Amino acid sequence: MSEISYPLKGSCQCGQVSYTLKAPPLKVVACHCRQCQKLSTSAFSITALVNTDDVEFVGELVEWQRLAESGNKNYAKFCPGCGNRMYHYNPDAPDTLKLKAASLEDTRVLQPTVHLWVSEKQDWFHIPDGVETFDKQGGV
């Protein structure tokens, strides 16, 4: 596999929102919680934790907010045209955001090293050997 070269480009499904990721993610996480299963319409959601300064968005984004079970704020920014979620963030932790990195043009970065909420994972999915796992939220 060839080396990933930054910056990387990404966009929503309709193209109204685009972004540039200027540096590698701090980590890539697969979350198996029920909320992420609903979001992804799959067994888990993949998120790249990135420094806020390492990503630049172009286009209008709208916001949706909810409180996590822990009480942490889990806000989402998404495209008003196609509804694609672009990232999640906690306004109390402004230095990082959780990029929904499946929207990248080069998705080789999507190799999770951490799996969260495995207590809610689908029974048919087998977590690869050698990755860190947490029954709930730990690790991020």
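Above this text is the structure in question.
> Any chance you could explain the side chain of Thr-20 here in plain terms?
Of note, Thr-20 is situated in strand β2 (residues 18-21). A relative accessible area of 17% means that Thr-20 is categorised as buried. One polar contact links Thr-20 to Lys-9, side chain to side chain, over a distance of 2.9 Å. Residues in contact with Thr-20, not counting those within four places in the same chain, are Pro-7, Leu-8, Lys-9, Asp-54, Val-55 and Glu-56.

> Please explain the side chain of Ser-103 as it appears in this structure.
Counting through the fold element by element, Ser-103 comes out in the loop between β9 (96-99) and β10 (114-116). A distance of 2.9 Å separates the side chain of Ser-103 from the backbone oxygen of Lys-100, its partner in a polar contact.

> Please explain the nonpolar core as it appears in this structure.
Across soluble globular proteins, nonpolar side chains show a tendency to be buried alongside one another. Ranked by size, the top nonpolar core spans 20 residues in total, and within it Leu-21, Val-50, Leu-97, Leu-99 and Leu-104 carry the most contacts. Elements with a contribution of two residues or more to this core: β2, β4 (45-51), β8 (85-89) and β9. With three residues, the single largest contributor to this core is β8. Not counting chain neighbours up to four residues away, the residues in contact with Leu-97 comprise Ala-48, Leu-49, Val-50, Thr-52, Val-55, Tyr-87, His-88 and Tyr-89. Formed by seven residues, the second largest nonpolar core is a distinct cluster that contains Val-29, Cys-33, Cys-36 and Trp-117.

> What exactly am I supposed to notice about the pattern of salt bridges here?
Close approach of charged atoms allows side chains of opposite charge to pair. A full pass over the atoms with the stated rule returns four salt bridges. As a salt-bridge pair, Glu-56 and Lys-22 come within 3.8 Å of each other at their nearest N and O atoms. Here Lys-22 lies in the loop between β2 and β3 (27-31) and Glu-56 lies in strand β5 (residues 55-58), a separation of 34 residues in the sequence. With a closest N to O distance of 3.4 Å, Lys-77 and Glu-63 form a salt bridge. Of the two residues, Lys-77 sits in strand β7 (residues 73-78) while Glu-63 sits in strand β6 (residues 62-67), which places them 14 residues apart along the sequence. A residue is classified by how much of its surface remains accessible, and Lys-77, at 19% relative accessible area, is buried.

> What is the right way to look at unusual backbone geometry in this model?
The general pattern is negative phi for most residues beyond glycine and trans for most peptide bonds. Here the residue pair Tyr-6 and Pro-7 is connected by a cis peptide bond, since its omega of 10° sits within 30 degrees of zero. Here Pro-7 lies in the segment before β1 (8-11). Residues other than glycine seldom take positive phi values, yet Trp-117 does so here, at roughly 55°. Among the structural elements, Trp-117 can be located in the loop between β10 and β11 (132-133). Taking the relative accessible area as the measure of exposure, Trp-117 reaches 10% and is therefore buried.

> Explain the sheet that holds β5 to me, please; I cannot follow it from the model alone.
Through backbone hydrogen bonds, the strands of a sheet pair up, either in parallel or in antiparallel fashion. Spatially, three strands are ordered β1-β2-β5 in an open sheet, and the strand pairing comes out antiparallel. Looking along the sheet, the strands with just one partner apiece sit at the ends: β1 and β5. The sheet shows a mean angle of 20° between the axes of neighbouring strands, direction not considered. Here four bridges tie β2 to β5, and the two strands are oriented antiparallel to one another. Among the inter-strand pairings, Tyr-19 is bridged to a residue of β5, identified as Phe-57.

> Explain the pairing of β4 here, please?
Along any regular strand the residues' side chains alternate between the sheet's two faces. Of all seven residues that make up β4, five are buried, and the element is covered over most of its length. Across five bridges, β3 lies against β4 in antiparallel orientation. Note on β4: the bridge partner recorded for Lys-27 is Leu-49. Bridge count between β4 and β9: four bridges; the pairing is antiparallel. Its bridge partner being in β9, Asn-51 is matched across the sheet by Thr-96.

Definitions and limits used
Residues numbered from 1 in each chain as written. Predicted model: local features only at pLDDT ≥ 70, side-chain atom pairs only at ≥ 80, totals over all residues. Heavy atoms only, no water. Helix = DSSP H or I, 4+ residues; strand = E, 2+ residues; numbered from the N terminus. Buried < 20%, exposed > 50% of the residue type's maximum accessible area, 1.4 Å probe, protein only. Polar contact = N/O pair within 3.5 Å; in protein donor to acceptor, adjacent residues only side chain to side chain. Contact = heavy atoms within 4.5 Å. Core = buried A, V, L, I, M, F, W, Y, C linked by side-chain atoms within 4.5 Å. Salt bridge = Lys/Arg side-chain N within 4 Å of Asp/Glu carboxyl O. Pairing = 2+ DSSP bridges. Axes fitted to C-alpha atoms, helices over the stretch in contact; angles between N-to-C directions.

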